[in-house]
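# Residue-level structure breakdown
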Amino acid sequence: MSLLHEMNEKALTYGVPLSVHIDVTYRCNERCGHCYLDHDDHGEMTTVEIKKILDQLAAAGTFFLTLSGGEVFLRRDFLELVAYARKLLFNVKVKTNAVMIREFEAQELRRLGVEQVQISIYSHRAEVHDGITRLPGSLAKSIRAIRFLKEQRIKVTIANVLMKDNFEDYKGTQALAAELGVHYTLDPTVTPKMDGDRSVLGLRVLGDSLPTVFHDESLVGDVAAYCAPPPAPGEDILDGYPCSAGHTSCYITPYAEVFPCVQFPIVCGNLREEKFEDVWRNAPQFHEVRGIRARDLTTCSGCGHVGTCSRCPGLAYMEGDMRGPSTADCEKSFYRTGIPSENMRRLGLSAPLPAGLVQIASAPA
Amino acid sequence: MTATYIARSSAIASRVLGGETMVMSVADSTFFTLNEVASAIWQAADGVTPLDEIVARHVCPEFDVTPEDAWTDANEFVRELSTHGILLVSDQPFAPATPEAR
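Here's what I pulled together on the structure shown here. (Residues numbered from 1 in each chain as written. Chains lettered and ligands numbered in written order. Predicted model: local features only at pLDDT ≥ 70, side-chain atom pairs only at ≥ 80, totals over all residues.)

## Brief notes about the overall build of chain A
Going by this rule: What counts as a helix is a DSSP run of H or I of at least four residues, what counts as a strand is a run of E of at least two, and both are numbered from the N terminus. Throughout, radius of gyration means the C-alpha value; the globule benchmark is 2.2 Å times the number of residues raised to the power 0.38.
From N to C terminus, chain A includes 16 helices and nine strands. In summary, chain A has a C-alpha radius of gyration of 20 Å against a globular reference of 21 Å for 365 residues, a match within 12%. Judged by the C-alpha coordinates and their principal axes, chain A covers about 55 × 50 × 40 Å.

Printed below as a string of structure tokens:
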């Protein structure tokens, strides 16, 4: 067991929010079609409000802090917030499109001790990347920023969301990451918007294209192990938690609302009205999420994939039932292993329906 | 004997969890967990208190170890963390303003 895994187990035992993700703004200078946020400011937290929350998170034991958005550098106080977080000794990761990072910002991120910067890049070709971000010149600016960050020896990860529009480019983007000397992650998950709008799901890559990705050794490592049929789930799996959301991690919006996860938009409290510790310890929504074990999942508990599936309780919640399946993950499990999920069997499907048309909530229990 | 002074690097992230201290180097992402004895030394590493005084004040009375054993363990701990740049070591006191311990 790795040290980090041990600490996660310990955090679970003590009920510590080890990892917290804060979106400091939803404003953005890009307009990506797949983004789950609106880009307006409905009254985001002030500098003082965020600093108070950081104090409370440090006191609660949070170690990993992700600062994201929107575009974080649209906040003029962003570096001040990073400096404050580092003074409190958080491990800080920044998620950004990097368009506004120049030499000075890169130097400051280094000086302040940011551990990692994750940058969204959707293609190695400007016409594709800029087409998705709807910001002309954005790829060139983001690449320039990566070079500035690398000069500062900051760990950089390129995060690529795989969609229909950039499916053909994922290898080229991976090669770009290698050329720049940075890490590369690829995620085929497109989530509904925070307001429940599911129209963006039409951008998801078609399921029958997924096996190409899942059988790419450069992405998944040992293909045979990754795509192997799932072992029969034991009692330990069925007694386990579906994911860390609400157990050792949570998400805070720019308006001080607390969710179990950025993809799990159930409001557990507001830090303008309550202290973080009170929300984390006492919110009934957190208690409900924490009470769910794999064996309580309405469909997934009887699914062979239950121990290996990437099922997201937040996506399931957005589909209507936090104990139900998350369709996109059923699809991933199927295309990864070739074995239909229990959810698909119940719906009488040998393959998933096209993205956006599957209505799990109306399926018979 | 020359005094040894130790100070926490500012290029680290740190938090106490269940009596142990998690420390991560932001330079190379090396991750450590410090047991209670090491945590006591870490918390007292203010850059101006000599290591032998830290051991005498924070380790021997709290953890039921002989001064010799405590001193040997402390030296080993300091050497390992300093190798990773997490702990700064000098024979002179450090200037103030190392990060707050948590």
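Once the structure has been displayed, the description carries forward.
## Re the sheet that holds strand β5 (residues 155-161) of chain A
Put simply, the rule reads: Note on pairing: two strands pair once DSSP finds at least 2 bridges between them.
Spatially, nine strands are ordered β6-β5-β4-β3-β2-β1-β7-β8-β9 (chain A) in an open sheet, and the strand pairing comes out mixed. Two strands lie at the open edges of the sheet, namely β6 (183-187) and β9 (269-270) of chain A, each paired on one side alone.

## A word on the interface of chain B and chain A
Selection rule: C-beta atoms are placed from the backbone for every residue, and two residues are taken to be in contact when these atoms lie within 7 Å. Three residue categories are used. Nonpolar comprises Ala, Val, Leu, Ile, Met, Phe, Trp, Tyr, Cys and Pro, charged comprises Asp, Glu, Lys and Arg, and polar comprises the others, including Gly.
On the side of chain A, 18 residues touch chain B, which itself brings 15 residues to the contact. At four residues, strand β2 (residues 12-17) of chain B tops the list of elements feeding residues into the side of chain B that touches chain A. By residue class, the composition of the side of chain B that touches chain A is eight nonpolar, five polar and two charged.

## Things to note about helix α2 (residues 47-60) of chain A
Residue and element names in this part refer to chain A. Condition: To estimate the expected span of a helix, subtract one from its residue number and multiply by 1.5 Å. Exposure criterion: with C-beta atoms placed from backbone coordinates, a residue whose C-beta has 20 or more other C-beta atoms within 10 Å is buried, one with 12 or fewer is exposed, and one in between is partly exposed. Arc definition: it is the arc formed by the directions from the helix axis to the C-beta atoms.
Between the first and last C-alpha of α2 there are 20 Å, a value that for 14 residues agrees with the 20 Å anticipated at 1.5 Å per step. Among all positions of α2, only Ile 50, Ile 53, Leu 54 and Leu 57 are buried. Down the axis of α2, the buried set is contained in an arc of 105 degrees. They therefore lie on one face. Packed against the buried residues of α2 are β1 (19-23), α3 (78-87), β7 (249-252) and α12 (276-282). Positioned one or two residues after α2, Gly 61 has a phi angle of 105 degrees, which is positive.

## Focus: the pairing of strand β4 (residues 116-120) of chain A
All names here are of chain A. Threshold: Handedness of a crossover is defined as follows: with both strands directed away from the viewer, a clockwise route from the first strand across the helix to the second makes it right-handed.
By the bridge criterion, four bridges tie strand β3 (residues 91-96) to β4 in an arrangement that is parallel. Residue Val 94 lies in a different strand from β4, and its bridge partner there is Val 117. Each parallel crossover has a hand, and the one from β3 via helix α4 (residues 103-112) to β4 is right-handed. Summarising the sheet, β4 and β5 pair through five bridges and their orientation is parallel. When the sheet's bridge partners are listed, Ser 120 is paired in β5 with Ala 159.

## Looking at the nonpolar core
As a reminder, the rule being used: For our purposes the nonpolar core covers buried Ala, Val, Leu, Ile, Met, Phe, Trp, Tyr and Cys residues that link as a set through C-beta atoms within 7 Å.
Membership of the largest hydrophobic core comes to 113 residues, with the highest contact counts inside it found for Leu 67, Leu 149 and Phe 259 of chain A. Core analysis: the next-biggest nonpolar cluster, separate from the first, contains six residues, Ala 294, Cys 300, Cys 303 and Cys 309 of chain A among them.

## Focus on unusual backbone geometry
The backbone of Arg 134 of chain A sits at a positive phi, close to 55 degrees, despite the residue not being glycine. Secondary-structure assignment places Arg 134 of chain A in the loop between α5 (126-133) and α6 (138-151). In this structure, Asp 64 of chain B takes a positive phi of about 55 degrees despite not being glycine. Judged by local crowding, Asp 64 of chain B falls into the exposed class, with 8 C-beta atoms found within 10 Å.

## Quick word on the packing of α5 of chain A against α6 of chain A
All names here are of chain A. Rules: All axes here are fitted lines through C-alpha atoms, helices being fitted over the stretch that makes contact, and every angle between N-to-C directions spans 0 to 180 degrees. Any angle that falls under 35 degrees is termed roughly parallel, while one over 145 is termed roughly antiparallel, one within 65 to 115 roughly perpendicular, and all others oblique.
With their axes 8 Å apart at the nearest point, α5 and α6 run at an angle of 100 degrees to one another. Comparing their axes, α6 and α5 come out roughly perpendicular. Contacts from Ala 126, His 129, Asp 130 and Thr 133 in α5 reach Ser 138, Leu 139 and Ala 140 in α6. Grouping the constituent residues of the contact of α5 with α6 by class yields three nonpolar, three polar and one charged.

## Brief notes about the packing of helix α2 (residues 51-63) of chain B against helix α3 (residues 67-83) of chain B
Residues and elements named next belong to chain B. Put simply, the rule reads: By convention, the crossing between two helices is left-handed when the near helix turns anticlockwise from the far helix through less than a right angle, and right-handed when the turn is clockwise.
Here α2 crosses α3 at 120 degrees, and the two axes come no closer than 10 Å. As judged from the angle between their axes, α2 and α3 are oblique. Considering how the two elements wind past one another, α2 and α3 form a crossing that is right-handed. Residues Leu 51, Val 55, Val 59 and Cys 60 of α2 form the contact with α3, whose own contacting residues are Pro 67, Ala 70, Trp 71, Ala 74 and Val 78. Residue composition of the contact of α2 with α3, by class: nine nonpolar, no polar and no charged.

## Thoughts on the environment of Tyr 14 of chain A
Relative to the assigned elements, Tyr 14 of chain A resides in helix α1 (residues 3-14). C-alpha of Tyr 14 of chain A to C-alpha of Gly 61 of chain A: the two residues are 47 residues apart in sequence and 10.0 Å apart in space.

## A few points about the sheet that holds strand β3 (residues 20-25) of chain B
Residue and element names in this part refer to chain B. Read across the sheet, three strands follow the order β2-β3-β4 without closing on themselves; strand pairing throughout is antiparallel. Looking along the sheet, the strands with just one partner apiece sit at the ends: β2 and β4 (31-34). Averaged over all neighbouring strand pairs, the angle between strand axes comes to 20 degrees, with direction disregarded. Judged from the four bridges that link them, β3 and β4 form a sheet pairing that is antiparallel. Across the sheet, residue Met 22 finds its bridge partner in β4, namely Thr 33.

## Let's talk about the pairing of β3 of chain B
All names here are of chain B. Counting buried residues in β3 gives five out of six residues, a clear majority hidden from the surface. In terms of strand pairing, β2 meets β3 through six bridges, oriented antiparallel. Residue pairing for β3: Leu 17 is matched across the bridge by Glu 20. The turn joining β2 and β3, which pair antiparallel and follow one another in sequence, is formed by two residues; a positive phi near 60 degrees is taken by Gly 18. In textbook terms, the turn of a hairpin is the stretch between consecutive antiparallel strands, and for β3 and β4 this stretch comprises five residues, one of which, Ser 29, has a positive phi near 60 degrees.

## Description of α3 of chain B
Residue and element names in this part refer to chain B. Given a rise of 1.5 Å per residue, 17 residues ought to cover 24 Å, and the 24 Å separating the end C-alpha atoms of α3 matches this to within 8%. Elements in contact with the buried residues of α3: β1 (5-8), α1 (36-44), α2 and β6 (87-90). Positioned one or two residues after α3, Gly 85 has a phi angle of 75 degrees, which is positive.

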